[in-house]
Each structure stands twice: as C-alpha cells, then as structure tokens.
Amino acid sequence: MQSVYICMKIFISVCHMIRQLTLFLILLSACSVYSQTENQEMFRLGEDDIKSESESESIQIVSASRSEKLRDDLPVTVYVISREEIIKNGYTSLVDVLKDIPGIKVSQPGSGIEGETFLMDGLFGNYYCKILVDNIPFRPSVVSGMPIGNQLPIRQAERIEIIYGPAAAIYGADAISGVINIITNTSERPVWAQADITLGGNQNYFMDVMIGGKVGQNKNILNYTFYGSYSTRGDMNTKYDIENLYNPSIYPFIPPNDDTTLNYYQAPYYKGDSLSPKMNRLPQSSRLIGFGLKYRGLKFNYTHTLRTSHSSIGQAPNMYAYYDPLNFWGEKIDRYSFDYSKSWKKLASTTYLSYLNYRLDNNSTFRLIYDVGDNGRVYKYAASDDINFEEILTYNFTPNLELTGGFSFQLSGNLPVTNDLGEPFETELYTPFSESVDYNDTVFGNFGINPTNFNNVAGFLQVYYRLHKFIFIAGGRYDHHSIYGSSLNPRIGILFNATSKLSFRTSYGQGFRAPSLYYTYKSIAYQTADSIYYNNIPNPDVKPELFSGIDFGIRHKPFKNIYVEFVALYHRLDEKITYSIKEIDPELYPNATKVNAFSAVNDKNSKAELFSTQLIIKAKKLIPNISLNTDLYVTYSKGKETLPNNRGELNDYRNMPNWFVQFNIDFKPLQAWTIFLHNIYSSKAKKRFFPVEPELMEYYGYATEVKAYYTMDFMIRYKINRNFQAYLDIKNIFNAQYGGIDAYGSNSDLIYNPQYGRYYQIGLSFRMD
C-alpha cells in the first residue's frame, strides 16, 4: 500500500505543475482568439434561438442511465437546462438555476460552510444530491455538504442535467435525492468566445469569460476551451428585522464553560446594546479558472475554484459576532480530470480518471463573543485528496436491448475539520494521504486532529430494454467502503408510451448516504479554568443512512406549444445521522469538565417519510406576437417524522412547505426587448432543529416554524446587436423579509435564516459563435 501512496504523491505533483501552466495558456489562447476573429463571421444568439420544449426533448441525456438517451425514453424525472436558458436568465450560480426548477426550494445565503443551499424532494441537496461536472464528482470527501457559490462553471455550461430520485444504483453514495451534472461547453467552430460583466448594489460585482476553438485538420484536431470568473458581494443584504431576529435576548445562551451565571451581555467580546448586536459588512466572494483540451476521444480538464463567505451567516448573535467583516469560511478546490471514449459497432467504452484536491483556508475563523481561542476568534482547517477511477462499458445486443456496466475505485485521504484552534493551522504539517500529523497542543494534545484514509470499490450493471410501447430499465450497484462496509442498491423503472403525446412511468430505487468524516470526527473543546469542556467528540462507529423511494409520472403534450407533467412520489429515510449525547471516555478525554458530550450517531428509531405531488405546465408562445412563454409549477407535500433523540412525532417534513408554487413569465414587448418575471410562493414550513419535543417548544414560545413568503424577481434584456446584450436584474423586487433553509439545524441557528433583500444588477453580455 505504501507504494500506491508514493505513486499517488507523484501524480499529485504533476497535477500541481499543470496548474502553474493554466494562466499562461489562457493568456496565450486569448491572443489566438483575437488574431482569428478578424475574418470570422460573428453570430449573436438571439432570444428567437432559444430551444423549444420539443427541441429540448431531442437532447441526448447521459446522467440518468450512464449512456445517451432521449428524455422521453427514460422512466425517471429529468430536467435539462440548456446553454441558451442559462444565458437568457442570467444564471451565475448552481442555486440560481435550481431556483427555477420544479419543486426545488433554495436558500441564498444558506450558511458560511455550505454557501447557498437547496432542498430537492425535501432532502438537503448539498448533502443528499450527487453533483458532477462533466460526468465526474466534484464534491470533496471531507466536507459536510457540497459548498456552493459562484465558483462552479455555470456560465460555461453547455447544459445542466437534473435527475430526480435515488440513483445510487449507478452512482453510489450521496445520489439519494438525485444527480446534477454540469456539462461544460464545447464547439466545433474554429473560434468562439463569451463574456459577461455585472455591477450591482451592495458592492456586487461579477465577471466571466470563456474562449475556445480548434486547431488542426482532418482527424488530428485539438479542441480547446479556457474560462474564468470573478464574483464578489461586499455586503450580503440580510441585516433586517433586527428587533425580532438578531435580538440576542430571545436566544438561550449556552456558554462553552457551562457557566450559567454568565449571559451574552457580559461576554467579553460582545458588542452592541442589550437588544441588538453591532453589525458590519457580511462579504462573500468566488473565483473560477480552468481549461479543457480534447483530442479525438481523449479529454483533459483542469478547474480551480475559490469560495469565501462570512462565517456567522445564519447563526445566533448570542454566540456569534457580526461586527467583524474579516471572519470568513474559505476553501479551494482543484480538479484534474481525464476521460477517454472509444466506440465500436456495438460496444462503447468510457474511462474516467480524476484527482480532486480540497483545502480549507487555514485563516478561516468563527468569531465568538466569549473568551475562547484568539480573543474570541477560533481557527479551522480541513483537507482532502480524492482520486477516482471509473470504467463504463455499454453493449448494444440489438437496437432494443442495451447492457451497461461499470467498475470504479476511489482512494481518499482526509484531514477532517479540526478543533477550534487559537491560531492558524500550519498547513505543511499535513501531507496528502498521511495517517499521522505531528501536532500537539499544550492543552488539547492532538484532540481534533484525525487524519484518515479510506477507499471505495464498486461495480454496477444495468439493463435497458424496449418492447413495443414499453421501456424497462433495471440494475443495481455494489459498493464496498473500507470504513462503512458493503451496500447493494437496486433501481427499476418502467415507461409506457401510450401515444406520441402521452406517456406513463414509474420507478423504484434504494440508496445510502455514507457519512462524511466531517460528522464522524467532529471535535470541539474549550479550555476552562482547570479542565477541558468537550462539546463534540468523534464517533468512528457512525453508519450510512438508508433510503428508499418510488415515484409515478405522466407526461402529456396536448398541443404543440403546451407541455404538461404530473409527478407523485413517496420516500423514506431511516437511521438518520444526528448529534446525540454520548458518555465521555475518561481515558481518551482526560480532565473533562463533564461526563458527556455531543457525538454523531445513527438514531435507529428516527425516520422521515414524504409524500409529494407536482404539477408542471409549460406554455410556449401563447401570444405569438410578443413571444409570451409561461411556466407554472405547483408542488404539494405532506410528510411525517419520528424525530431523533426521542423528541417525539412531527406531522410534517422539516423545512419542507406543504405548498410551493413557482410561476415564470417571459415576453417580448418589442423586438429587441425581453422581460422576465419569476414568482415564488412558499407556505410555512417546520424548522430544521428541535432540541425538545415540538409541543414543549410551542408551550414556551420558541419558534417551530418559518413563515410563508412570496417573492418576485424582475429582469429586462435589450439586444444591442447580434453580439451584445444589456440587462437590468432586480431580485426580490418587493423587498420581502423572509426565511430560507435553516443554516445548520442546530441550537445556534437564527430563528429564521434571512434571505437577500431587494438588490439590483446591471450588466452586459457578449457572445461570438
């Protein structure tokens, strides 16, 4: 095994050398684009070129079955966002896209650690959804959930495929609520380019650029793309409703040393008066840079991302400070990926190899109001290195019978997030795939330093069969995780095409969520006068959560320009991971202030069940003279939960509203002008965290629900010429004050997680294709 790690380190060193070449190659390509554009006929993509519903149906989808299929040939719920839709709607982040997808509730902002967050079929998407870029996983193994900002290649995407429902049968762990695949743009044009620049309120700034083309001739053609983006928001517009939301007196104060005589107003690093804390800027930023090369069937891609966000977002002011804009949670992700595709008469092969490097900025801090760390500032660090290999083979026995199978291997080295440190972690102490760190704190020893390596070996097999008007898909995947053991997850789906305009489908699948080491080794301790207060201790015995789900759908196209879909689903999640009280082992944790602490466990008695229905109506060019398009999505959900830690029964599904309605309109009052209106209504929803039984919380006046809300976004675009467009975008036009998805589901959350108030953006887009 030692020789494997040596080879891996050599491979990583080569990847770092590639990274150093990226900026030079982008500059060189920019010069090439400029020199080639003089004699090129430039074409500006207009709004009339947006794909119709029927054209979208003709797109070959790869994410749902691991081989190319038309949407109407798949017995699962699938949505495809085309490049043209990304352009016209001004999407810059993945959550911007998901905000307009049926039934998906989003939170902007979500939390400092996860960034923007979303619910997919009621499940926390950052945790339970598999996110891919160009068919390869992009989520680091050490994080709690996929961190999302403007750092993902959304503006650079050719399309985004969104698959609902459990897909563990072909993707393994984390593909429970669905799969999102961001497929980046390629072109056969000799040269092409796109760029956007946006300025807005609250010191909001966004810029992106992508250039590409090809060189060579005949079969020896090299396609290339280079891209980058920069995004910053000087201040998140969430500081409102101060007296009811940020008033520290309405939150129970739990000091780290259990000193019940101390209150927040006496805390040494609290600033403000007794009813409102001192507030300051809450900044966030994202960066993206990368390039891709394609030669025949071989592709290489390098992507470098950065994301930072103020770390106090969504957290209670009686514990966390909002007056220091320099406190942030920041991370870097580098991904190097190769894939090679080859096809013969009946057989097709695709091979993927990737290396994903994650590093939390060692200056990442939380600012607490009590006397811990460096004057209330505590530092965090985490790191992971993931090497993934996958081979997929597809064999077509006949035009109606296809067999797809694959083998994958993942090798991961993790340094899970550390204890709260009094100074920045020395990053050179940890090297990739090491199992020890030369770290010894004078008070805590090596508590909170838990380097861990693991591997996962998996294989899957799937049959796709067409019989007259029926289409069947069935398969399963076997995973063996070196820490969490083995798992077998099946999936089956049936599609019946009654007519060319009407189809029925159903599918069933099982899945599992392997716990991130973020939960397994979460460690938080503080020094008291003569002992150590352990708040969280590791638990290596955490096991995967178990999931099963079934859905039924009807697709109907009564008219050429009208599309209707109805979906009903039921799912159940068992053995949920939660933080429970665990007895402290005095041999492992000497000099402890108390005898127990929080630790991640699987609650055997907890379960969560959701029944949901969804009606989707899309109408294109209802009024042809103004190109009026409308989308109406109505989702009704009803759930019930047996809460963890014996907190009783809940006749709802946490954070999931009973009614969720999305209504989008776009039209062209004049040939060069397009207006967009995006409307969302959400009924009230239960909160994510219940420290005691819901009835007791209500009795003592603690909030158990997030209120209903309605928001509208407005955008107007002006087509200057075939290459340029200008636009004005106003988010939350009525300045609604409302709550999103709870930040962490813990006792330190705000009563509700405030979302952005009204803000505007103006911008300019350029396209040359």
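Residues numbered from 1 in each chain as written. Predicted model: local features only at pLDDT ≥ 70, side-chain atom pairs only at ≥ 80, totals over all residues. Heavy atoms only, no water.

Q: Sorry if this is basic, but what is going on with the layout of surface pockets here?
A: If a probe the size of a water molecule is rolled over the atoms, the empty space left behind becomes visible. There is about 1,200 Å³ of room inside the second largest pocket. Mapped onto the lining of the second largest pocket, the elements with two or more residues apiece are β9 (157–164), β10 (178–184), β13 (220–233), β14 (284–295), β15 (298–310), β16 (328–343), β17 (347–360) and β20 (383–398). Taken together, the residues that form the lining of the second largest pocket break down as 13 nonpolar, 21 polar and 14 charged. (1 Å grid on protein atoms, 1.4 Å probe; cavity = no way out; pocket = protein on both sides within 12 Å on 5 of 7 lines; lining within 4 Å. Points joined across faces, edges and corners; volume = space filled by probe spheres on them. Helix = DSSP H or I, 4+ residues; strand = E, 2+ residues; numbered from the N terminus. Nonpolar A, V, L, I, M, F, W, Y, C, P; charged D, E, K, R; others polar.)

Q: Got a minute to help me understand the environment of T431 in this structure?
A: Here T431 shows up in the loop between β21 (401–415) and β22 (452–467). Look at T431 and you get partly exposed, because its relative accessible area is 35%. Considering only alpha carbons, one finds T431 and D371, 60 residues apart in sequence, at a separation of 32 Å. (Buried < 20%, exposed > 50% of the residue type's maximum accessible area, 1.4 Å probe, protein only.)

Q: How do you make sense of the environment of D241 when you look at a structure like this?
A: Relative to the helices and strands, D241 resides in the loop between β13 and α7 (242–245). The buried category is assigned to D241, whose relative accessible area is 16%. As a C-alpha pair, D241 and S765 span 524 residues in sequence and 36 Å in three-dimensional space. The contact partners of D241, leaving out residues within four places of it in the chain, are Y246, Q737 and Y752. A polar atom in the side chain of D241 sits 3.0 Å from the side chain of N244. (Contact = heavy atoms within 4.5 Å. Polar contact = N/O pair within 3.5 Å; in protein donor to acceptor, adjacent residues only side chain to side chain.)

Q: Quick question: what am I supposed to make of the packing of aromatic side chains here?
A: Describing an aromatic ring pair means giving the distance of the ring centres and the angle of the ring planes. What the rule picks out here adds up to 32 aromatic pairs. Pairing Y381 with F425 gives two aromatic rings, centres 5.0 Å apart and planes at 10 degrees, and the pair type is stacked. Highlighted residues: Y381 in the loop between β19 (377–379) and β20 and F425 in the loop between β21 and β22, separated in sequence by 44 residues. With a relative accessible area of 3%, Y381 lands in the buried category. Summarising the aromatic geometry, the rings of F447 and Y534 are spaced 5.1 Å apart at their centres and angled 75 degrees between planes, so their arrangement reads as edge-to-face. In this pair, F447 sits in the loop between β21 and β22 while Y534 sits in strand β27 (residues 532–536), placing the two residues 87 residues apart along the sequence. A relative accessible area of 9% places F447 in the buried class. (Phe/Tyr/Trp six-rings, centres within 6.5 Å; stacked < 30°, edge-to-face > 60°.)

Q: I would appreciate a short explanation of the pattern of salt bridges in the present structure.
A: Applying the stated criterion to the full structure yields 31 salt bridges. With its nearest N and O atoms 3.9 Å apart, the salt bridge here joins E609 to K640. Of this pair, E609 sits in strand β32 (residues 607–619) while K640 sits in strand β33 (residues 629–642), and the two are 31 residues apart along the sequence. Exposure remark for E609: the relative accessible area of 12% places this residue in the buried category. Since its relative accessible area comes to 45%, K640 is described here as partly exposed. D652 serves as the salt-bridge partner of K686, at 3.5 Å between the closest nitrogen and oxygen. Placement of K686 in strand β37 (residues 685–686) and of D652 in the loop between β34 (649–650) and β35 (659–670) is noted, with a sequence separation of 34 residues between them. By relative accessible area, D652 is classed as buried at 14%. The structure contains a network of salt bridges with shared partners spanning K638, D652, K684, K686 and E705. (Salt bridge = Lys/Arg side-chain N within 4 Å of Asp/Glu carboxyl O.)

Q: Looking at this model, I keep getting lost on the sheet that holds strand β7 (residues 129–133). Mind explaining?
A: Within the open sheet, the five strands sit side by side as β3-β9-β10-β7-β8. Their pairing is mixed. A strand with exactly one partner marks an edge of an open sheet, and here the two such strands are β3 (78–82) and β8 (136–137). Of the strand pairs in this sheet, β9 and β10 are connected by seven bridges, and their pairing is antiparallel. By the bridge assignment for β10, I162 is matched with I180. (Pairing = 2+ DSSP bridges.)

Q: Please clarify how the side chain of S144 should be interpreted in this entry.
A: With respect to the helices and strands, the residue S144 is situated in the loop between β8 and β9. A distance of 2.3 Å separates polar atoms of two side chains, one belonging to S144 and the other to E114.

Q: In this structure, what is going on with the confidence of the model for the chain? I would like to understand it.
A: In regions of low pLDDT, the predicted coordinates are not meant to be interpreted in detail. For the chain, the average pLDDT comes to 88, and 91% of its residues sit at 70 or higher. Contacts of residues 1–6 to residues separated by more than four positions or lying in other chains number six contacts, the stretch itself having pLDDT below 50. Here residues 8–55 is a poorly scored stretch, pLDDT under 50, and it has 91 contacts once near neighbours within four places are set aside; other chains count. (pLDDT = per-residue confidence, 0-100.)

Q: Any chance you could explain the pairing of strand β4 (residues 105–111) here in plain terms?
A: The two faces of the sheet receive side chains in turn, since in a regular strand these alternate between them. Burial runs high along β4: seven of the seven residues are buried. In this structure, β4 lies alongside strand β5 (residues 115–120), joined through four bridges in antiparallel fashion. Paired with V106 across the two strands is F118, which belongs to β5. Counted along the chain from β4 to the antiparallel partner β5, the turn is three residues long.

Q: What exactly am I supposed to notice about the sheet that holds β5 here?
A: Within a sheet, each strand pairs with its neighbour through backbone hydrogen bonds, oriented either parallel or antiparallel. Read across the sheet, three strands follow the order β4-β5-β6 without closing on themselves; strand pairing throughout is antiparallel. Edge positions in the sheet fall to β4 and β6 (123–124), since each of these pairs with one other strand and no more. Strand direction decides the pairing type here: β5 and β6, joined by two bridges, are antiparallel. Bridging from a neighbouring strand, M120 pairs with L123 of β6.

Q: How do you make sense of empty space enclosed by the protein when you look at a structure like this?
A: Per the stated rule, a full pass over the model turns up eight cavities of 30 Å³ or more. Quantified by volume, the largest cavity comes out at close to 670 Å³. Surrounding the largest cavity, 40 residues form its lining, K130, P137, D174, N388 and Q410 being those nearest its centre. Taken together, the elements giving at least two residues each to the lining of the largest cavity come down to β7, β8, β17, β20, β21, β22 and β23 (470–481). In terms of residue class, the lining of the largest cavity is made up of 21 nonpolar, 11 polar and eight charged. Taken together, 32 residues line the second largest cavity, and the ones lying closest to its centre are T92, D96, N150, S231 and R233. Of the residues in the lining of the second largest cavity, the class split is six nonpolar, 17 polar and nine charged.

Q: Honestly, the nonpolar core in this entry has me stumped. Any pointers?
A: Note that soluble globular proteins tend to have their nonpolar side chains buried in a common cluster. Counting 75 residues, the largest nonpolar core has L94, L98, F118, I154, I160 and I162 as the members making the most contacts within it. Look past the residues within four positions of I154 in its chain and what remains in contact with it is I86, Y91, T92, S93, L94, V97, I160 and I182. Counting 17 residues, the second-largest nonpolar core is a separate cluster that includes I136, A175, V179 and F460. (Core = buried A, V, L, I, M, F, W, Y, C linked by side-chain atoms within 4.5 Å.)

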